[in-house]
Amino acid sequence: KQAFVRKLGIGLAVILRIVLLFVLVSVIEKVKSVLFSIDTSWVAGEFNLHSIIVLIGGIFILYTATKEIFHMIELEAAGHSHEKKKPKSVGQVVTWIVLMNLVFSFDSILSAMALTKNFIVMATAIVIGGILMIWLADRVANFLKKNRMYEVLGLFILLIVGIMLLTEGGHLAHLKFFGHEVQQMTKTTFYFVIAVLVLTDIVQGRYQRRLLAEK
């Protein structure tokens, strides 16, 4: 049911993105208003709803990526193979897909609102993005099944995304540790790191094939 679950999860996420867009348009000032602040000798910051959601999203994505990376490299105990574990239900998987989409979409919707005030334009963009995700989901999944080594690359990219969200959330909250303010990771740095990861993976893959050919 993987293909069906992916389409269902993304479809529900697109609908919730439009709902989220409508809510944010209505309460944008409340999202940006300070909810609480912290000012101690070693940490200080002013937190609004935007910064809190971005920070929680970054922690959530870091946890997910780290857990999956350790899951890949762990040595299984005798008699406890993954085949014996109960598979996740459709509801669980759909919920995770929707949550991940909402974490990523919250910040992008606020960015879209900075570009235009037209609700129809933003909603249309969300729908088009959703259609593209549904169209590409099976192709990406099939590619990963045929090229399993790229799963590791994908998880480390997810790890970098989590770090980027944490720095962005810290910047939005004007978070300071021992008087030093958290600096947001720029998009240029983010794409540079991704490019280095991709190039490293390609070179390592070709080098590994050469070693196998020599053997």
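It should be emphasised that the depicted structure is a prediction, and the values quoted were computed from it without experimental measurement.

Draft legend 1. Highlighting the overall build of the protein. Looking only at helices and strands, the protein has six helices and four strands in total. Beginning at the N terminus, the succession of helices and strands in the protein can be written as α-β-β-α-α-α-α-β-β-α. On the principal axes, the C-alpha backbone points of the protein span a range of 60 × 45 × 35 Å. For the protein, the proportion of its 215 residues judged to be buried stands at 32%. In the protein, the proportion of contacts linking residues at least 24 apart, taken out of those at least 6 apart, comes to 75%. For the protein, the accessible surface area stands at approximately 14400 Å², while carbon and sulfur atoms represent 69% of it. Once the 22 positive and 14 negative side-chain charges of the protein are each reduced to a mean point, those two points are 9 Å apart.

Draft legend 2. Broad picture of unusual backbone geometry. One non-glycine residue with positive phi stands out, namely H174, at about 50°. Its location among the elements puts H174 in the loop between α5 (150-172) and β3 (176-177). Phi is positive for F178, close to 55°, though the residue is something other than glycine. Following the sequence through the fold, F178 ends up in the loop between β3 and β4 (180-181). Looking at F178, the relative accessible area reads 62%, which means it is exposed.

Draft legend 3. Main features of the sheet that holds strand β1 (residues 34-39). Spatially, β1-β2-β3-β4 is the arrangement adopted by the four strands of the open sheet, whose pairing is antiparallel. Two strands bound the open sheet, and with one partner strand each, they are β1 and β4. Of the strands in this sheet, β1 and β2 (43-48) touch helix α2 (residues 49-73), which is tilted by about 110° from β2.

Draft legend 4. Summary view of the pattern of salt bridges. The final tally for this structure, using the stated rule, is three salt bridges. K7 is the salt-bridge partner of D138, the closest N and O atoms lying 2.4 Å from each other. Of the two residues, D138 sits in helix α4 (residues 119-146) while K7 sits in helix α1 (residues 2-32), which places them 131 residues apart along the sequence. Across the pair R210 and E214 runs a salt bridge, and its minimum N-O distance is 3.6 Å.

Thresholds applied
Residues numbered from 1 in each chain as written. Predicted model: local features only at pLDDT ≥ 70, side-chain atom pairs only at ≥ 80, totals over all residues. Heavy atoms only, no water. Helix = DSSP H or I, 4+ residues; strand = E, 2+ residues; numbered from the N terminus. Buried < 20%, exposed > 50% of the residue type's maximum accessible area, 1.4 Å probe, protein only. Contact = heavy atoms within 4.5 Å. Areas by Shrake-Rupley, 256 points an atom, 1.4 Å probe, with all protein chains shown as cover. Lys, Arg positive; Asp, Glu negative; His and termini not counted. Charge placed at Lys NZ, Arg CZ, Asp CG, Glu CD. Pairing = 2+ DSSP bridges. Axes fitted to C-alpha atoms, helices over the stretch in contact; angles between N-to-C directions. Salt bridge = Lys/Arg side-chain N within 4 Å of Asp/Glu carboxyl O.

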